[in-house]
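# Structure at a glance
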Amino acid sequence: GSAMSLRERSPGGAVEAGEDAAAALLAEPDGPDRCLSLLPWDRFSAWLHCVCVVGFDLELGQAVEVIYPPHSKLTDKEKTNICYLSFPDSNSGCLGDIQFCFRFRRSPGRKVSLCCVLDQLDRDLPVYLKEDPAYYYGYVYFRQVQDKSLKRGYFQKSLVLISKLPYVHLFRTILKQIAPEYFQKSEAFLEAVCSDVDHWPPPIPGKILHLPIMGIIMKLRIPTYRDRPGTTPIVQDMHQADAQISVALPTVHEVDLFRCFCPVFFHIQMLWELVLLGEPLVVMAPSPSESSETVLALISCISPLKYCSDFRPYFTIHDSEFKEYTTRTQAPPSVILGVTNPFFAKTLQHWPHIIRIGDIKLPGEVPKQVKVKKPKNLKTLDSEPGVYTSYKPYLNKDEEIVKQLQKGVQQKRPTEAQSVILRRYFLELTESFIIPLERYVASLMPLQKCISPWKSPPQLRQFSQDDFMKTLEKAGPQLTSGLKGDWIGLYRHFLKSPNFDGWFRSRQKEMTQKLEALHLEALCNENLVFWSQKHTEVETVDLVLKLKNKLLQADREQLPVKTDTLKKLQTHINDIILALPDDLQDILLITGT
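Residues numbered from 1 in each chain as written. Predicted model: local features only at pLDDT ≥ 70, side-chain atom pairs only at ≥ 80, totals over all residues. Heavy atoms only, no water.

### Some details on the overall build of the protein chain
A tally of helices and strands in the protein chain yields 21 helices and 13 strands. Within the protein chain, the proportion of its 593 residues that are buried is 53%. Pairs at least 24 apart in sequence give 73% of the contacts found in the protein chain among residues at least 6 apart. When the accessible surface of the protein chain is summed, it comes to about 28,400 Å², and 53% of that surface belongs to carbon and sulfur atoms. (Helix = DSSP H or I, 4+ residues; strand = E, 2+ residues; numbered from the N terminus. Buried < 20%, exposed > 50% of the residue type's maximum accessible area, 1.4 Å probe, protein only. Contact = heavy atoms within 4.5 Å. Areas by Shrake-Rupley, 256 points an atom, 1.4 Å probe, with all protein chains shown as cover.)

Here it is, written out as structure tokens:
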């Protein structure tokens, strides 16, 4: 049962109310069920914060030329970050069209004016796809072509989608469809694109969504936390009704894992350990396209665990966190950076783990075995591709996966198939590692018989590292993985990492909410009217106020409680109030509504 909790953890019936409200959002934009007073641009805001066009001005340098919709708010700091992150470094020499993505901090203090139901949708996502309120993603389509009519001799422009959603494949597909046409048609075209997005249904996890954009329809499905990790329900367009579907997306968020790891695939297991432990990592690549894809591949390799530290798929010397992340006065932070500027080879040479990749091409031959190099060997960005680190892995190397992937290259197995093999390998490794922790943490939950309706819910038992380590002898990763090595050392290191902290906080919150929900159910099963008749009016009023607070808490914290339980509790409250004198009834019916 504990082993399955990764896959089948369910917040229970509270989902029902959210799904009903979310389903209402699916109503036609102009239909009678225009959900919850959705305002113009609310649907757009569910997917995108805004669309920016960044151009090159001879006097100002990179500048935001257009923000759409015009009312979208960006602070000066956010605009500056978008400007510099939307163009490749000049040394990249990118001619033609390239796509990449970046991530930057949102300025604090902004209120999000969005339908609260969207929080409901976020709750149904797998943990690694949940929105991080502190960051935005920027998805870029950059074009640089010769144009002698321009003073600089080159046309340079980026179309950028700013979103809080990490759906890299979806936004990449959208840009591929709209950007080339935008560069020819300009502003009116952009307005039409945004109008299309404002007619989309909300991003409901688990539903098949049809998203029209500029004459094509994309069909896709956003994963839910109920999906079994490693399985992607295939979105097919086989039905007659799907005749107009132009693009069926197999995934909204995944990158081509094998293509990204191909330059360093002899070291994939060591890289998995470094990401799991939240070690400082820098990816040095020839272009933002390679750097961003490799960083996203790295954070996805510990899925279904969430990578809880900061990561920057493309990072420049102009970034607002440049000084913070490159200082030598303290140890490098727990962060993964993707860089292309040769300046970083010098600035970050004190970092403990550096991945240097050359141009990522579709692998047509077996990569040569490359030894791990010491960091001191990395002098410039022209150094040979490879992994530069003094790190000694805790686990013995799994030769089987390397042989399997090498064989695939020799047999010209499609890169998609290689990625599936690699993703399954990472998933099994992560699950073998996390299941013993899941099992131990589940044992910290108090027994149901300890829950009394007349006392506060019991507390979770404290996490004890020593107690957990003792469980590993009989119920450790050896039950599901054949890999040998120092698993104990790996766990000790992991328990000090930001990824453990984030994972444990999330589990703690879930279990505390479960206890609150069980306490609420215990209250519902009591004859509360009979209790109130045996107690004073003051005690009865106190009970009513506490029960009302319980209902508010269930709604505010989205407790895993069935809708019937909440209705039953409301009935109890009403019955108790009706048994009280009229003057008290009037006061209590007003209070808390």
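The discussion continues.
### With respect to the pairing of strand β9 (residues 281-284)
The two faces of β9 match: L281 and V283 on one face and V282 and M284 on the other face are all buried. With 4 bridges joining them, β9 and strand β11 (residues 335-339) adopt parallel strand pairing. Note that in β11 the partner of V283 across the bridge is G338. Across 4 bridges, β9 lies against strand β12 (residues 353-356) in parallel orientation. Across the sheet, residue V282 finds its bridge partner in β12, namely I354. (Pairing = 2+ DSSP bridges.)

### Some words on the pairing of strand β3 (residues 96-105)
Among the 10 residues in β3, 7 count as buried, and that is most of the element. Direction of pairing for β3 relative to strand β4 (residues 135-146): antiparallel, over a ladder of 10 bridges. Paired with F102 across the bridge in β4 is G138.

### Digging into the sheet that holds strand β5 (residues 154-163)
Pairing is antiparallel across the open sheet formed by 5 strands, whose spatial order is β2-β1-β5-β4-β3. In the strand order of this sheet, the two ends are held by β2 (61-68) and β3, each with one partner. Going from strand to strand, the sheet's axes swing by 25° on average, the running direction of each strand aside. Bridge count for strand β1 (residues 50-57) against β2 is 7 bridges, and the pairing is antiparallel. Note that in β2 the partner of V53 across the bridge is V66. Contacts between helix α4 (residues 76-85) and the sheet are confined to β1, β2, β3, β4 and β5, with β3 contributing the most and set at about 150° to the helix. (Axes fitted to C-alpha atoms, helices over the stretch in contact; angles between N-to-C directions.)

### Describing unusual backbone geometry
Glycine aside, negative phi is the norm for most residues, and most peptide bonds take the trans geometry. Following Y68, the chain continues into P69 via a peptide bond in cis, with omega recorded as -5°. By the secondary structure assignment, P69 is in the loop between β2 and α4. The residue after S303, namely P304, is reached through a cis peptide bond having omega 15°. The phi torsion at M214 lies on the positive side, around 45°, for a residue other than glycine. Structurally, M214 is set in the loop between β6 (208-213) and β7 (216-221). Residue class for M214 comes out partly exposed when judged on its relative accessible area of 31%. Of note in this structure, K412 is not a glycine but carries a positive phi near 55°. Looking at where K412 falls in the secondary structure, it is placed in the loop between α13 (399-410) and α14 (415-442).

### Quick look at the packing of helix α17 (residues 498-524) against helix α19 (residues 537-556)
Relative to each other, α17 and α19 sit at 140°, their axes nearing to 11 Å. Classified by the angle between their axes, α17 and α19 sit oblique to one another. The chirality of how α17 crosses α19 is left-handed. Contacts between α17 and α19 pair E516, H519, L520 and L523 from the former with L547, K550, Q553 and A554 from the latter. The residue makeup of the contact of α17 with α19, split by class, is 4 nonpolar, 2 polar and 2 charged. (Parallel < 35°, antiparallel > 145°, perpendicular 65-115°, else oblique. Left-handed = near helix turned anticlockwise from the far one by under 90°. Nonpolar A, V, L, I, M, F, W, Y, C, P; charged D, E, K, R; others polar.)

### Brief notes about the nonpolar core
Nonpolar side chains tend to gather and get buried jointly when the protein is soluble and globular. In terms of nonpolar packing, the biggest core is built from 114 residues, with W47, F261 and L437 touching the most fellow members. At 10 residues, α14 tops the list of elements feeding residues into this core. Mapped onto the domain boundaries, this core takes at least three residues apiece from domain 1 (42-205) and domain 2 (261-505). Excluding residues that lie within four positions of it along the chain, W47 makes contacts with S163, L165, L170, F171, V197, W200, P201, P202, P203, L209, L211 and I222. (Core = buried A, V, L, I, M, F, W, Y, C linked by side-chain atoms within 4.5 Å. Domains from an automatic or database assignment.)

### Side note on a negative patch on the surface
A contiguous patch of negative charge, built from E537, D582, D583 and D586, is present on the exposed surface. Take the negative patch: its biggest share by element is 3 residues, from helix α21 (residues 582-590). Tracing the backbone shows D586 in helix α21. (Patch = residues over 30% accessible without salt bridge, like charges linked within 9 Å, V, L, I, M, F, W, Y side chains within 5 Å. Salt bridge = Lys/Arg side-chain N within 4 Å of Asp/Glu carboxyl O. Lys, Arg positive; Asp, Glu negative; His and termini not counted. Charge placed at Lys NZ, Arg CZ, Asp CG, Glu CD.)

### A look at the side chain of N81
Along the chain, the position of N81 falls in helix α4. Apart from the residues lying within four places of it in its own chain, the contact partners of N81 are F104, H318, D319 and S320.

### Notes on helix α16 (residues 487-494)
Taken as a whole, α16 has its buried residues at W487, G489, L490, Y491 and F494. Buried residues along α16 sit against α9 (268-276), α14, α15 (465-475) and α17.

Note that every value here comes from positions in space, so none of it alone points to a role or purpose.
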